[in-house]
Amino acid sequence: MPSLRDVALRAGVSSSTASRVLSPSSHPVRAETRERVLRAAVELDFQPNRLARALVTARTHTIGAIVHDISDPYFGEIVRGLEDAARLSDYQVFVCSSDREPDRELAYVRALLSYRVDGVVFAGGGIEDRRYQADLRRLLNGYRELGGAVVLLAPHTFSAPSITADNHAGSAKMTRYLLELGHRRIGFVAGPPHVRTSQVRLNGYGDALGEHGVPYDPTLVTPGWFTSEGGAKAVSELLEQSPDLTAVFASNDVMAFGVLHELASRGIAVPEEISVAGFDDVQVAAYLHSPLTTVRIPMYEMGQEGALMVLDILEGRRVRSRRLPVELVVRSSTRPPGART
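None of the values given here were measured: they were computed from a predicted structure. (Residues numbered from 1 in each chain as written. Predicted model: local features only at pLDDT ≥ 70, side-chain atom pairs only at ≥ 80, totals over all residues. Heavy atoms only, no water.)

Trainee: What am I meant to see in the overall build of the protein here?
Mentor: Regarding its fold elements, the protein presents 12 helices and 12 strands. With respect to the principal axes defined by its C-alpha atoms, the protein has extents near 85 × 40 × 30 Å. Burial analysis of the protein (341 residues in total) assigns 52% to the buried set. For the protein, long-range pairs separated by at least 24 residues make up 75% of all intrachain contacts whose partners lie at least 6 apart in sequence. Looking at the protein as shown, the accessible area adds up to about 15900 Å², and 52% of this sits on carbon and sulfur atoms. In the protein, the 38 positive side-chain charges and the 40 negative ones have mean positions that sit 7 Å from each other. (Helix = DSSP H or I, 4+ residues; strand = E, 2+ residues; numbered from the N terminus. Buried < 20%, exposed > 50% of the residue type's maximum accessible area, 1.4 Å probe, protein only. Contact = heavy atoms within 4.5 Å. Areas by Shrake-Rupley, 256 points an atom, 1.4 Å probe, with all protein chains shown as cover. Lys, Arg positive; Asp, Glu negative; His and termini not counted. Charge placed at Lys NZ, Arg CZ, Asp CG, Glu CD.)

Structural data, given as structure tokens:
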């Protein structure tokens, strides 16, 4: 690979002059000299050494993103938004999947901080674990004191600037819609009990039932762990405990896919016998055999806004946490309750 010295020799300047042109230096360089250096860099396909630049600027131009599961299309959309916005400012994004395991997430945070990333974005909800919470606060407090930026894209267990979707409102909105269709026995497939986002969405479901005078029935709620396999298992348990249910609200689309698969394997028609709803509106939700009624979260925009918030913090600009609105998307997987055959 060509070095800075090679560029300097091609341009007929000193290495220090070439460095001033190819780095963020504010030292004045004549326009003619600058043009010669830039032309030489292009001709040699010179790539600046990011680590060397970091020693000078105290910036690595990197952002760490901690997601729960990159195979979940919800996080894929968020990461795409992060990357697209970061790339416009010459930043790169490193992605870590924690699988919602406290020790694994802490290990990734420590690794990112050791690599001196300029910012850390938490795309997944906080984990309810006291030791994890204490260790995470200690790590991030020290990191922020040294100038690092921390941004949240989901409800978490510590305070930081955030761009989040209104998970409670979305869950309540979907529950109200099912109630208005006439459903009263609505099964709820929750996420992992130890994840803050799961609790917020469950609370939205329970609050909407209360508004309509429908008692909260714990036999209608079971965890699906935010996976399609978990969704399939959860609806099997719900049918065993409450064979009279007429609707299933899965608190993410991936679990709803598992619910649909399990109902189809049992010969239960959707929506004629059981209505099914999801949450997130990942791209494939609109293209199923029974297109999925769901809550749309602006995932890509959340990622974009998260990256821009990191850059604003690094530049010392004032930032304001925001909660983005969600939208009810009605498709053909839901209808008023019908008779079970």
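Past the structure itself, the notes keep going.
Trainee: Can you walk me through the sheet that holds strand E3 (residues 119-122) in this structure?
Mentor: Sheet strands pair by backbone hydrogen bonding; their relative direction is either parallel or antiparallel. A sheet is described by the order of its strands in space; here 4 strands give the open sequence E2-E1-E3-E4, paired in parallel fashion. This sheet does not close on itself; its edge strands, each paired only once, are strand E2 (92-97) and strand E4 (149-152). For this sheet the average axis-to-axis angle between neighbouring strands, irrespective of direction, equals 20°. Pairing of strand E1 (residues 62-67) with E2, which is carried by 6 bridges, proceeds in the parallel orientation. Within the sheet, the bridge partner assigned to Val67 lies in E2 and is Ser97. (Pairing = 2+ DSSP bridges. Axes fitted to C-alpha atoms, helices over the stretch in contact; angles between N-to-C directions.)

Trainee: Before we go on, may I ask you to explain the environment of Asp84 in this structure?
Mentor: Summarising the element assignment, Asp84 is placed in helix H5 (residues 73-87). The buried category is assigned to Asp84, whose relative accessible area is 14%. Expressed as a C-alpha distance, the spacing of Asp84 and Ala307, which sit 223 residues apart in the sequence, is 8.9 Å. Looking at Asp84, its side chain comes within polar contact range of the side chain of Arg87, at 3.4 Å. (Polar contact = N/O pair within 3.5 Å; in protein donor to acceptor, adjacent residues only side chain to side chain.)

Trainee: I tried to follow empty space enclosed by the protein on my own but got confused; where do I start?
Mentor: Unfilled space is identified by rolling a water-sized probe across the atoms. Tallied over the entire structure, the rule returns 2 cavities of 30 Å³ or more. By volume, the largest cavity is sized at about 130 Å³. Residue assignment for the lining of the largest cavity shows that the elements contributing at least two residues are H5 and helix H9 (196-211). Residue classes in the lining of the largest cavity are distributed as 6 nonpolar, 5 polar and 4 charged. In this structure, the second largest cavity spans a volume of roughly 30 Å³. (1 Å grid on protein atoms, 1.4 Å probe; cavity = no way out; pocket = protein on both sides within 12 Å on 5 of 7 lines; lining within 4 Å. Points joined across faces, edges and corners; volume = space filled by probe spheres on them. Nonpolar A, V, L, I, M, F, W, Y, C, P; charged D, E, K, R; others polar.)

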